[in-house]
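Tertiary structure, described
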Amino acid sequence: MKKRHPLIYILPLFITLIVILFTLKNQPVKDARLALSTLRFAALGTCAQIQVRCQNPTAGQQAVTAARDKIAELETLLSTYRDDSELSRVNREAAATPVPVSPVTIHLIEQALAYSERTRGAFDITVPPLVEIWKTAARNDRLPDPCSIAAALSRTGFQAVKLQPEGTVSFARSGIQLNVNAIAKGYIVDAALEELRRPGIQAALVEIGGEIGCFGENKPGIPWTIGIQDPFSPDNNDQTSQQPLWSLELKDCAIATSGNYRRYLTIDGKKYSHIIDPRTGYPVKNAPSVTVIAANTTEADALATAVSVLGVAAGIALIESFPQAEVLLVTGSANHPELHTSSGWHNYRFQEVKPQ
Ligand code: AMP
Ligand code: MG
């Protein structure tokens, strides 16, 4: 399959959650001894940032570098945009023979399969044949015919992915392909955050393309503030726009957003989501924006995609079955946005941002 240059996927542009760590300029810094080390860079075809608060700036900088290296290492293993990644090798060979992979790749696939089970297939990393059908349809500006969708569906199904105890991956039939785009950013955020849990580091935040993990507080006594975009804003076409409509205060937390409003395909003038319902083969229509808070960013990322597929009622029911997870879905239209939340969402400080 022809690979596109990774830069084409630079989607700072399309990220569904715009992170603005409001600097809260008017707030006093209660502990001036905490130095802030920050790094912004490109990773996984999008924008990443690491922020660390530490008494020792050198130690803070070393931790930031270690976290950035961890992100690069995992990207090398898991990207399907690189022919030399472990995942690309799995996709080429696993239908013929079990492919040995690193414990990280096994662990991520294991987790992805567990979310497929928990979501009854709404989350499924074997979606690539369907993703390709819809990308081709957008290129040709013509809806795919139902037969080709049925054919692609027959080449999907997480049950066909087998993990062996000796650390190999195989596919039960040919045609199966994996893409971990819906969970890898969250997984890599968690791994990078682990690198930052070092003595002396009071607080840290890692963000990749809108998926965020953090521990501690932004400043002593002041939580991290995350911005959530209005999915209906006309500014969404302005790829530099970063004005959030809502803000959410978090500490020691993980959050991810999936949405249709910046990443979409256009066919015959109509927008289609990049998230596919693996049960039908068609792009989802239910939720322009889904934000999930969870126990870790891997979980937030996977669940945000799954809830996008399931829609309001089934999505909230799914989230209620995860004790540490909460969800906000935004549906409706520009003039009438409708907010739907799980029962514990109100425990977080969530408010509309007044235009300045
Ligand atoms: P996210 O932005 O985390 O919701 O991930 C969406 C990306 O994951 C898409 O661009 C596809 O590559 C892939 N994907 C689409 N639909 C699904 C699905 N139902 N389950 C898992 N991955 C999906
Ligand atoms: Mg996701």
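Look up: the structure comes first, before these words.
Reference entry: report on the structure contained in this document. (Residues numbered from 1 in each chain as written. Chains lettered and ligands numbered in written order. Predicted model: local features only at pLDDT ≥ 70, side-chain atom pairs only at ≥ 80, totals over all residues. Heavy atoms only, no water.)

**Looking at the pairing of strand E12 (residues 270–273)**
Note: strand E11 (residues 264–267) against E12, 4 bridges, orientation antiparallel. Across the sheet, residue Leu 265 finds its bridge partner in E12, namely Tyr 272. (Pairing = 2+ DSSP bridges. Helix = DSSP H or I, 4+ residues; strand = E, 2+ residues; numbered from the N terminus.)

**Notes on the nonpolar core**
Within the largest apolar cluster, 71 residues are counted, with the highest numbers of intra-cluster contacts made by Ile 71, Leu 196 and Val 292. It is helix H7 (residues 297–320) that contributes the most residues to this core, 11 residues altogether. Those residues in contact with Leu 196 that lie beyond four places of it in its chain are Ile 50, Val 52, Ala 63, Val 64, Ala 67, Ile 201, Ala 204, Val 206 and Phe 215. (Core = buried A, V, L, I, M, F, W, Y, C linked by side-chain atoms within 4.5 Å. Buried < 20%, exposed > 50% of the residue type's maximum accessible area, 1.4 Å probe, protein only. Contact = heavy atoms within 4.5 Å.)

**Description of the packing of aromatic side chains**
Tallied over the full model, the rule gives 6 aromatic pairs. Ring centres of Trp 345 and Phe 350 lie 5.5 Å apart, and the angle between their planes is 75°; on these two criteria the pair is classed as edge-to-face. For Trp 345, a relative accessible area of 3% puts it in the buried group. The exposure class of Phe 350 is partly exposed, given its relative accessible area of 23%. Put simply, the rings of Tyr 115, Phe 123 and Phe 322 pair up and form one aromatic cluster. Positioned above the aromatic ring of Phe 322 is the side chain of Arg 118, whose terminal nitrogen or guanidinium carbon lies 3.9 Å from the ring centre. (Phe/Tyr/Trp six-rings, centres within 6.5 Å; stacked < 30°, edge-to-face > 60°. Lys NZ or Arg CZ within 6 Å of the ring centre and 35° of its normal.)

**So, the sheet that holds strand E9 (residues 246–250)**
Whenever strands of a sheet pair, they do so through backbone hydrogen bonds, lying parallel or antiparallel. Pairing is antiparallel across the open sheet formed by 3 strands, whose spatial order is E8-E9-E16. The open sheet has two free edges, formed respectively by strand E8 (224–228) and strand E16 (350–352), since each of these has just one partner strand. The sheet shows a mean angle of 25° between the axes of neighbouring strands, direction not considered. As paired elements, E8 and E9 share 5 bridges and run antiparallel to each other. From the neighbouring strand, Thr 225 faces E9, where its bridge partner is Glu 249. (Axes fitted to C-alpha atoms, helices over the stretch in contact; angles between N-to-C directions.)

**Digging into helix H1 (residues 57–78)**
Given 3.6 residues per turn, any residue in an α-helix points the same way as the ones three and four places further on. Spanning 22 residues, H1 covers 32 Å between terminal C-alpha atoms, matching the ideal 32 Å at 1.5 Å per step. For H1, the complete set of buried residues consists of Gly 60, Ala 63, Val 64, Ala 66, Ala 67, Ile 71, Leu 74, Leu 77 and Leu 78. Down the axis, H1 shows its buried residues gathered within 160° of arc, on one side only. Counted as exposed and oriented over 90 degrees from the buried face of H1: Thr 58 and Gln 62. Elements in contact with the buried residues of H1: strand E1 (35–43), strand E2 (46–54), helix H2 (86–93), helix H3 (103–118), helix H6 (184–196) and strand E6 (201–208). In this structure Asn 56 caps H1, since a side-chain oxygen of it lies 2.9 Å from the backbone nitrogen of Thr 58. (Expected span 1.5 Å × (residues − 1). Arc of directions from axis to C-beta. Polar contact = N/O pair within 3.5 Å; in protein donor to acceptor, adjacent residues only side chain to side chain.)

**Considerations on the pattern of salt bridges**
For the structure on display, the rule yields 8 salt bridges. For Lys 251, the salt bridge goes to Glu 217, with nearest N and O atoms at 3.8 Å. Placement of Lys 251 in the loop between E9 and strand E10 (253–259) and of Glu 217 in the loop between strand E7 (211–215) and E8 is noted, with a sequence separation of 34 residues between them. Measuring nitrogen to oxygen at the nearest pair gives 3.3 Å for the salt bridge that ties Arg 349 to Glu 249. Note that Arg 349 is positioned in the loop between strand E15 (337–341) and E16 and Glu 249 in strand E9, a separation of 100 residues in sequence. (Salt bridge = Lys/Arg side-chain N within 4 Å of Asp/Glu carboxyl O.)

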